[in-house]
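A look at the structure
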Amino acid sequence: MKDDEIYALYAAGEREKAFNELVKKYGERLYWHIRSFSCSHEDTDDILQDTFVKIWNALPSFRGEARLFTWVWRIATNQVLNHIRDVRLRNFFSPASEVRPYLETLESDPYFNGDDAQKRLLAAIDKLPPKQRMVFVMRYFEELEYKDISEIMHTTVGSLKASYHHAYMKIRKEITGD
């Protein structure tokens, strides 16, 4: 079902059906978008659930000024950024013995089956500042167009290209040691 059909359902009063169509259309892609920033399946599920609750609550205020896709992605991206901020804040105030490094958490996840190269890449990506990491993941892994990322992150295409380039160079340096 197309985005405009989903929104038309919602506008016609069939809110639950529209929401179910939205979940069906974007649920799996959103899961993997969020999973790119979360090192555990459980955290990803929690963030995804929070994202859909936020979408449900915000649907009445959706005015159609942005495409439904970019609006949904923006909500998910903000939820991820909030989660990253909360985790870093918790880790800052937690004793060092309670903080599990990203790679250790990733390796203990039964859903991760990557090789050493993938682990090094993910560890390098994890060291990026959150917004650079967002741009890199959305462009490199999710293959979103800069125009779409621009709408999601409310920034210019030029700024995104610069962020992507800087992220790429940092990752390359981290992996190759150059």
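Let me begin by describing the structure that accompanies this report. In this text the structure is predicted, and so the values were computed from the model without any measurement.

Here the focus is the packing of aromatic side chains. Counted by the stated rule, this structure contains 14 aromatic pairs. Residues Tyr26 and Phe69 carry aromatic rings whose centres are separated by 6.0 Å and whose planes lie at 45 degrees to one another, so their mutual orientation is tilted. One end of the pair, Tyr26, is in helix α2 (residues 15-35); the other, Phe69, is in helix α4 (residues 68-93), and 43 residues separate them in sequence. Among the residues examined, Tyr26 registers a relative accessible area of 3% and is labelled buried. Residue Phe69 is classed as buried on the basis of its relative accessible area, which comes to 8%. Ring geometry for Tyr140 against Phe141: centres 4.9 Å apart, planes inclined by 90 degrees, an arrangement best described as edge-to-face. With a relative accessible area of 38%, Phe141 lands in the partly exposed category. Here a set of aromatic residues connected by ring pairs shows up, and it is made of Phe136, Tyr140, Phe141, Tyr146 and Tyr164.

Cut-offs applied
- Residues numbered from 1 in each chain as written.
- Predicted model: local features only at pLDDT ≥ 70, side-chain atom pairs only at ≥ 80, totals over all residues.
- Heavy atoms only, no water.
- Phe/Tyr/Trp six-rings, centres within 6.5 Å; stacked < 30°, edge-to-face > 60°.
- Helix = DSSP H or I, 4+ residues; strand = E, 2+ residues; numbered from the N terminus.
- Buried < 20%, exposed > 50% of the residue type's maximum accessible area, 1.4 Å probe, protein only.

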